[in-house]
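Single-letter residue listing:
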Amino acid sequence: MNGIQMGRILFLGCLLTMACAPVATRAEDLKLEARLIWGTNDDTPPPQECKKLDDETAKKLTNVFKWKHYYQISKVLTNVPSRGTARIQMSKVCEIEITELQGAKVEVSLFGKGKKVNKTVENFSKGSFFTLGGDDKNDTAWFVLVTQL
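Not measured: the values here are computed from a predicted model. (Residues numbered from 1 in each chain as written. Predicted model: local features only at pLDDT ≥ 70, side-chain atom pairs only at ≥ 80, totals over all residues. Heavy atoms only, no water.)

## Here we look at helix H2 (residues 55-64)
- Within the sequence span of H2, burial applies to Thr-57, Ala-58 and Leu-61. In an axial view of H2, the angular spread of the buried residues amounts to 100°, which keeps them on one side of the axis. With respect to the buried face of H2, the exposed residues turned more than 90 degrees away are Asp-55, Glu-56, Lys-59 and Asn-63. (Buried < 20%, exposed > 50% of the residue type's maximum accessible area, 1.4 Å probe, protein only. Helix = DSSP H or I, 4+ residues; strand = E, 2+ residues; numbered from the N terminus. Arc of directions from axis to C-beta.)

Given below as structure tokens:
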């Protein structure tokens, strides 16, 4: 074998080694939508800043919760860094903190007026959603609906 043939074999061997080597990939950020929702049985119109929740989502919530009317107070689209934490301001008095855990799980803490109201760990996959929240005055409730995009 001459030097050129040997060089080609070494070059092809290097290419083959690189092609078979494991590729280090960066895990993707968790893309999500968080909506602050108010549930009520009161038939009077809500405050102006509240928007009637879309029918499809309202129907899903009505199957789980007791309220007749659901209103969206705010909606936030955000990314949670891979295996990291993000704090999301939903309103002047409501925040959530989401941490992506190992596997398909997240830990979520809900804060109302600066105090931790609720904390949960949820299985979470694309298209899935969960809620967490608390009671409010006059037999109403507020909660955050979190969906993975």
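From this point on, the discussion continues.
## As for the layout of surface pockets
- Considering only enclosed or pocket space, the largest pocket measures out at about 310 Å³ in volume.
- Lining the largest pocket are Leu-36, Trp-38, Ile-73, Ser-91, Lys-92, Val-93, Cys-94, Gly-112, Lys-113, Asp-136, Lys-137 and Trp-142.
- Residues that form the lining of the largest pocket fall into these classes: six nonpolar, two polar and four charged.
- Its volume calculated, the second largest pocket comes out at about 200 Å³. (1 Å grid on protein atoms, 1.4 Å probe; cavity = no way out; pocket = protein on both sides within 12 Å on 5 of 7 lines; lining within 4 Å. Points joined across faces, edges and corners; volume = space filled by probe spheres on them. Nonpolar A, V, L, I, M, F, W, Y, C, P; charged D, E, K, R; others polar.)

## A word on the packing of aromatic side chains
- For the structure on display, the rule yields five aromatic pairs.
- Ring centres 5.2 Å apart and planes at 70° place the aromatic pair Phe-124 and Phe-130 in the edge-to-face group. Neither Phe-124 nor Phe-130 differs from the other in exposure class; each is buried.
- In textbook terms, an aromatic cluster arises when at least three aromatic residues are bridged by ring pairs, as seen for Phe-65, Trp-67, Tyr-70 and Phe-143.
- Arg-87 extends its terminal NZ or CZ atom over the ring of Phe-111, reaching a point 3.9 Å from the ring centre. (Phe/Tyr/Trp six-rings, centres within 6.5 Å; stacked < 30°, edge-to-face > 60°. Lys NZ or Arg CZ within 6 Å of the ring centre and 35° of its normal.)

## Side note on the sheet that holds strand E6 (residues 105-112)
- The sheet built from four strands is open, its strands ordered E4-E5-E6-E7 with antiparallel pairing. Either end of the sheet is taken by a strand with one partner, and the two such strands are strand E4 (85-89) and strand E7 (115-123). Adjacent strand axes in the sheet meet at a mean angle of 15°, parallel and antiparallel pairs treated alike.
- Two elements, strand E5 (residues 94-100) and E6, share seven bridges in a ladder whose sense is antiparallel. Residue pairing for E6: Cys-94 is matched across the bridge by Gly-112. (Pairing = 2+ DSSP bridges. Axes fitted to C-alpha atoms, helices over the stretch in contact; angles between N-to-C directions.)

## Points about the pairing of E5
- Among the seven residues that make up E5, five are buried, leaving the element largely enclosed by the rest of the structure.
- Alignment of E4 against E5, held across five bridges, turns out to be antiparallel. Within E5, the position partnered with Thr-85 by the bridge is Thr-99.
- Linking E4 to E5, which pair antiparallel, is a turn of four residues.
- Hairpin geometry of E5 and E6 is characterised by an intervening segment of four residues between the two adjacent antiparallel strands and by a positive phi of about 70° at Gly-103.

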